[in-house]
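A structural walkthrough
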Amino acid sequence: MGYLRASMQQWARIGSIALMVFLLSVHVFAYEELSDDTLRNIPSGAADFDIKTGSLLSPILIPRVPGTPGSVAVQHHFTDFFSRHLPKWNIDWHNSTAKTPATGDTDIPFRSLIFTRDPPWTQVGDVGRLTLVAHYDSLYRPEGFIGATDSAAPCAVLMHVARSIDDALTKKWEAMEASGDAGMGLEDEKGVQILLLDGEEAWVSWTDDDSLYGARALAESWESQVHPAMSAYRTPLDSISLFLLLDLLGAPDPHVPSYFLPTHWAYQGMAKIEERMRKLGLLSSKVHSPFLPDSAKQVSQFNKAYVLDDHVPFMVRGVDVLHIIPSPFPDTWHTMDDDGEHLDIATLDDWAKIVTAFAAEWMGLDAFMKQPPSSEKRDTTRDRTEL
């Protein structure tokens, strides 16, 4: 029986590996690459990432401690951008309060923002969403901490992504409605949402209770929010096709590992985009190695180690996560040097192009992104009232 038990275990292991290969293959075969022409038309956001005048980034480069005027100013910057320039996106808030070790009995407000664009014919609960995520709060101490990589720059990247794919989403969905394909199958019932989460940072020291305030509250809320009967997805958590979290981006020469085997196929997709864009001369950063070097990582090389971040409350509830965070962290992490002057704008702009291309590829927009957004539609001025 000892030999039989070993044999059965061996066959079980082989079967598990075969199943994993099959599942990964299904994802790969459903993933259509962007053409070289489309990659060439992925817009740069460099001017918008100027730390003094950039319309996307510069208003975020202020202290953003939850519940403070700086936090409110940045919230207004986000909502004003989507309301003015991307009116087809739905804006929702998720509000919660919590006590922190630094503030005693005072309830601190945490306000996370949710920006969503779904096909116009879909019903709540019937659309799966690519979910792009960053946190916008900054550390309570040291006083005056900016957090440029952590995470002002990732927020600006996601704003750039939303603007860059917006027209293509409209064109694709209009074409589907005109052809009669709208609502014919779940494969194209795909939307996109952006979560800008509050309260990621610990107020004193990182613990399960002193961290991830906004993410924990939102994940708990979405777990209990049930869609109408007969919906394709039971809850908003189930509707998340991929939770793509950006953090600590904007420092030069980043090294981002592949953390999770179930989403390694998506990591490989993003890594291939980086590789192709570099070969086409579309990325401007000078690097010693790719941003995303782990495409060839083998199943046996994955382990249970990962970085604690806003994905955790979602991951423990079964959501698939692709975590784009460098390891090691930038040298400026949690220091006063994590400011605009220490950002590498070429690296930041390259991240914006890579993530934009990834989102366009995921959403099947190759035929609809032949021209970059026109300059007339670009907001190149900063509204001082946002501050």
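Residues numbered from 1 in each chain as written. Predicted model: local features only at pLDDT ≥ 70, side-chain atom pairs only at ≥ 80, totals over all residues. Heavy atoms only, no water.

We now examine the overall build of the chain. Counting its secondary structure elements, the chain contains 8 helices and 6 strands. Along the chain, from the amino end to the carboxyl end, the secondary structure elements read α-α-α-β-β-β-α-β-α-β-α-α-β-α. Counting all 387 residues of the chain, 53% fall into the buried class. Considering only contacts within the chain whose residues lie at least 6 apart along the sequence, 79% involve residues at least 24 apart. Carbon together with sulfur atoms contributes 55% to the accessible area of the chain, which is approximately 17,400 Å² in total. (Helix = DSSP H or I, 4+ residues; strand = E, 2+ residues; numbered from the N terminus. Buried < 20%, exposed > 50% of the residue type's maximum accessible area, 1.4 Å probe, protein only. Contact = heavy atoms within 4.5 Å. Areas by Shrake-Rupley, 256 points an atom, 1.4 Å probe, with all protein chains shown as cover.)

Let us now look at the sheet that holds strand β2 (residues 108-117). The strands making up a sheet associate through hydrogen bonds between their backbones, and the pairing can be parallel or antiparallel. Taken in spatial order, the 6 strands of this open sheet run β1-β2-β4-β3-β5-β6, and their pairing is mixed. At either margin of the open sheet sits one strand with a lone partner, and together these are β1 (90-98) and β6 (321-324). Sheet twist, expressed as the average angle between the axes of neighbouring strands with direction ignored, equals 20°. When strand β3 (residues 128-135) meets strand β5 (residues 240-246), the two strands line up parallel, connected through 5 bridges. Each residue of the ladder has a partner; that of Val 133, found in β5, is Leu 245. Docked against the sheet, helix α8 (residues 345-362) engages β3, β4 (190-197), β5 and β6, running at close to 180° with respect to β5. (Pairing = 2+ DSSP bridges. Axes fitted to C-alpha atoms, helices over the stretch in contact; angles between N-to-C directions.)

The next point concerns a nonpolar patch on the surface. A cluster of nonpolar residues, Trp 206, Tyr 306 and Leu 308, forms a patch on the protein surface that exposes about 280 Å² of accessible area. Tracing the chain through its elements places Tyr 306 in the loop between α6 (264-279) and α7 (312-315). Residue Tyr 306 is classed as partly exposed on the basis of its relative accessible area, which comes to 35%. (Patch = residues over 30% accessible without salt bridge, like charges linked within 9 Å, V, L, I, M, F, W, Y side chains within 5 Å. Salt bridge = Lys/Arg side-chain N within 4 Å of Asp/Glu carboxyl O.)

Okay, the pairing of β6 next. Judged by which residues are buried, β6 turns out to be covered on both faces: Val 321 and His 323 on one side and Leu 322 and Ile 324 on the other are all buried. Alignment of β5 against β6, held across 4 bridges, turns out to be parallel. Following the sheet pairing, Leu 245 is matched in β6 by His 323.

On average, residues of the chain score 90 in pLDDT, and 87% of them are at 70 or above. Overall, residues 1-29 carries pLDDT values under 50, and its contacts beyond four positions in sequence, including any with other chains, amount to 5 contacts. Under a pLDDT of 50 for its full length, residues 374-387 has, in the predicted model, 24 contacts with residues more than four places off or in other chains. (pLDDT = per-residue confidence, 0-100.)

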